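Structural characterization, general
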Amino acid sequence: MESLKQTDPEIHEAVLNETNRINEGLELIPSENFVSRAVMQALGSIFNNKYSEGYPGKRYYGGNKYTDVVENLAIERAKKLFGAEHANVQPYSGSPANTAVYFALLNFGDTLMGMNLAQGGHLTHGHPVNFSGRAYRPVQYGVDPQTHLIDYDAVRSLAEKEKPKIIISGATAYPRKFDFEEFHKIAQDVGAISMADIAHLAGLVIGDAHPSPFPFTDVVTTTTHKTLRGPRGAMIMCKKQFAEAIDKAVFPGLQGGPHEHRIAATAVCLKEAMEPGFRDYAKQIVKNAKVMAEELMGLGFKLITDGTDNHLMLVDLRNKNITGREAEAALDKAGITVNKNMIPYDPRKPFDPSGIRLGTPAITTRGMKEQECREIAGLISKAVDNCKDDAALEGIKGDVKELCKGFPVY
Ligand SMILES: *Cc1c(COP(=O)(O)O)cnc(C)c1O
């Protein structure tokens, strides 16, 4: 990074400090991951410089011979990996991808049905502060008050009553499997389009560690930077019949020039996901999460749904007399990065909720396995028990650093 160091020593220093933070700490935010050097090289490539409004073979700018190579590779790999009929790799990120789907397939004011943010859904699934909840009429399903699982009969009744034009499955904080087939059946039965947002699950789906929404789901969106382990960005995949509307909604409907350096990096991460090792990676993410969940429960933590089937855990901290915000801050001091999170039917407010969310995709990327996950659960427990003791937290930070030494990221 010599050029960066010379031109902008402050940014250079921030990059070095962030690299140390990553190497010496534990990243447990379930939506984060560490990309390969190959992905970063594509992301930092000269494709950053190119304008390429339009699609491969139909551009509004000259000089796109190699840009088309890049974008076509990304599209073909996405279709092959997921078994999709059509793929659009241009959305800037997950939120714009979802917005593009609604813009393509709904009229303003139409009814859209998605999972409640406070119970695991995403802002873009119809939350009132989000565009999706303002431009459309949102109807929200949640989880059962007792089991905290999705009640498919309740989803069906709500869909029958409200007659949404689109039904979105997928979440940001749901520790169990999604029954995408059941969601599709419900959508079919009420005459709605089925949409799955697999932002969190894409890597698990490809790695056979979670059931796939393909080939039956009408439209599938995903980010590329979570379990898929690529650049920040997103893709929309859909059945042929929706392809033209989706493409038009992304460009020129919503976006201008695509970020082709990021699309190049997407192509690279998709190639990496085709390697047999990626399956092992996806399965290890889930194994690690299950072991960490068991260990935490053994240490007296209450987990929403009493465990996990995927890459994430939602911890209800109420019996530990600590709030989500306090736990996040204490764990930060101990070198463990997590995020505070609402639990279903949370009596507290979003900025200081009752829970934290933990995930294993990033630590699995750096090679950590079951044994390390048991140790991490122990460190989390110790930090929570000593949350007001800065000296103790500093000591735990030392243990975290020691554990991380054997698993360098960059
Ligand atoms: C992360 C996420 C998104 C949004 O992705 P951004 O890239 O942050 O805009 C959308 N949907 C779900 C389910 C997500 O988890």
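What comes next is a walk through the structure. Given the structure is predicted, the values throughout are model-derived calculations rather than measurements.

**What to know about the packing of helix H7 (residues 152–162) against helix H8 (residues 180–189)**
Here H7 crosses H8 at 20°, and the two axes come no closer than 10 Å. Put simply, H7 runs roughly parallel to H8. The two elements H7 and H8 cross, and the hand of that crossing is right-handed. Contact residues: Tyr-152, Val-155, Arg-156 and Ala-159 in H7; Glu-182, Phe-183, Lys-185, Ile-186 and Asp-189 in H8. Tallied by class, the residues present in the contact of H7 with H8 amount to 5 nonpolar, no polar and 4 charged.

**Some remarks on unusual backbone geometry**
Of the consecutive residues Phe-214 and Pro-215, the connecting peptide bond is found in the cis state with omega at 0°. With respect to the helices and strands, Pro-215 occurs in the loop between helix H9 (202–206) and strand E9 (219–223). Of note, the amide linkage connecting Phe-251 to Pro-252 takes the cis form, showing an omega dihedral of 10°. Tracing the backbone shows Pro-252 in helix H10 (residues 240–254). Of note, the phi angle at His-148 is positive, near 60°, even though the residue is not glycine. The residue His-148 is located in the loop between strand E6 (137–141) and H7 in this model. On the basis of relative accessible area, His-148 is assigned to the buried category, the value being 16%. At Lys-163, a residue that is not glycine, the phi angle is positive and equals roughly 50°.

**Quick look at the sheet that holds strand E11 (residues 302–303)**
Pairing in this open sheet of 4 strands is antiparallel, and the strands run E11-E12-E15-E14 from one edge to the other. The open sheet terminates on both sides in strands that have one partner only, identified here as E11 and strand E14 (339–341). Pairing of strand E12 (residues 312–316) with strand E15 (residues 355–359) involves 5 bridges; the strand directions are antiparallel. Its bridge partner being in E15, Val-315 is matched across the sheet by Ile-356.

**What to know about the packing of aromatic side chains**
Enumeration over the complete set of coordinates arrives at 14 aromatic pairs. Aromatic side chains Phe-103 and Phe-108 sit 6.3 Å apart centroid to centroid with 25° between the ring planes, which places their arrangement in the stacked category. Between the aromatic rings of Phe-178 and Phe-180, the centroid separation amounts to 5.8 Å while the plane-to-plane angle is 15°, which identifies the pairing as stacked. By the burial criterion, Phe-178 is buried, and Phe-180 matches it. Three or more aromatic residues joined by ring pairs form one cluster here, namely Tyr-141, Tyr-152, Tyr-174, Phe-178, Phe-180 and Phe-183. Between Lys-320 and the ring centre of Phe-301, over which it is positioned, the NZ or CZ distance is 4.3 Å. The cationic tip of Lys-340 hangs over the ring face of Phe-351; the distance from NZ or CZ to the ring centre is 4.8 Å.

**What about the nonpolar core?**
Most often, soluble globular proteins have nonpolar side chains that are buried together. Counting residues in hydrophobic clusters, the biggest one holds 58 residues, and the most contacted among them are Phe-82, Ile-150, Ile-167 and Phe-178. Sorting elements by how many residues they give to this core places helix H11 (residues 260–274) first, with 7 residues. If sequence neighbours within four positions are ignored, Phe-82 has contacts with Ile-198, Ala-202, Val-205, Ile-206, Phe-214, Met-235, Met-237 and Leu-270. Met-292, Leu-358, Ala-383 and Phe-407 belong to the second-largest nonpolar core, a separate cluster that totals 36 residues.

**A short note on the pattern of salt bridges**
For the coordinates displayed, the defined rule picks out 24 salt bridges. For the salt bridge of Asp-352 with Arg-325, the shortest nitrogen-to-oxygen distance reads 3.9 Å. Placement of Asp-352 in the loop between E14 and E15 and of Arg-325 in helix H13 (residues 324–333) is noted, with a sequence separation of 27 residues between them. A relative accessible area of 14% places Asp-352 in the buried class. When its relative accessible area of 41% is taken as the criterion, Arg-325 is described as partly exposed.

The rules we used
Residues numbered from 1 in each chain as written. Predicted model: local features only at pLDDT ≥ 70, side-chain atom pairs only at ≥ 80, totals over all residues. Heavy atoms only, no water. Axes fitted to C-alpha atoms, helices over the stretch in contact; angles between N-to-C directions. Helix = DSSP H or I, 4+ residues; strand = E, 2+ residues; numbered from the N terminus. Parallel < 35°, antiparallel > 145°, perpendicular 65-115°, else oblique. Left-handed = near helix turned anticlockwise from the far one by under 90°. Contact = heavy atoms within 4.5 Å. Nonpolar A, V, L, I, M, F, W, Y, C, P; charged D, E, K, R; others polar. Buried < 20%, exposed > 50% of the residue type's maximum accessible area, 1.4 Å probe, protein only. Pairing = 2+ DSSP bridges. Phe/Tyr/Trp six-rings, centres within 6.5 Å; stacked < 30°, edge-to-face > 60°. Lys NZ or Arg CZ within 6 Å of the ring centre and 35° of its normal. Core = buried A, V, L, I, M, F, W, Y, C linked by side-chain atoms within 4.5 Å. Salt bridge = Lys/Arg side-chain N within 4 Å of Asp/Glu carboxyl O.

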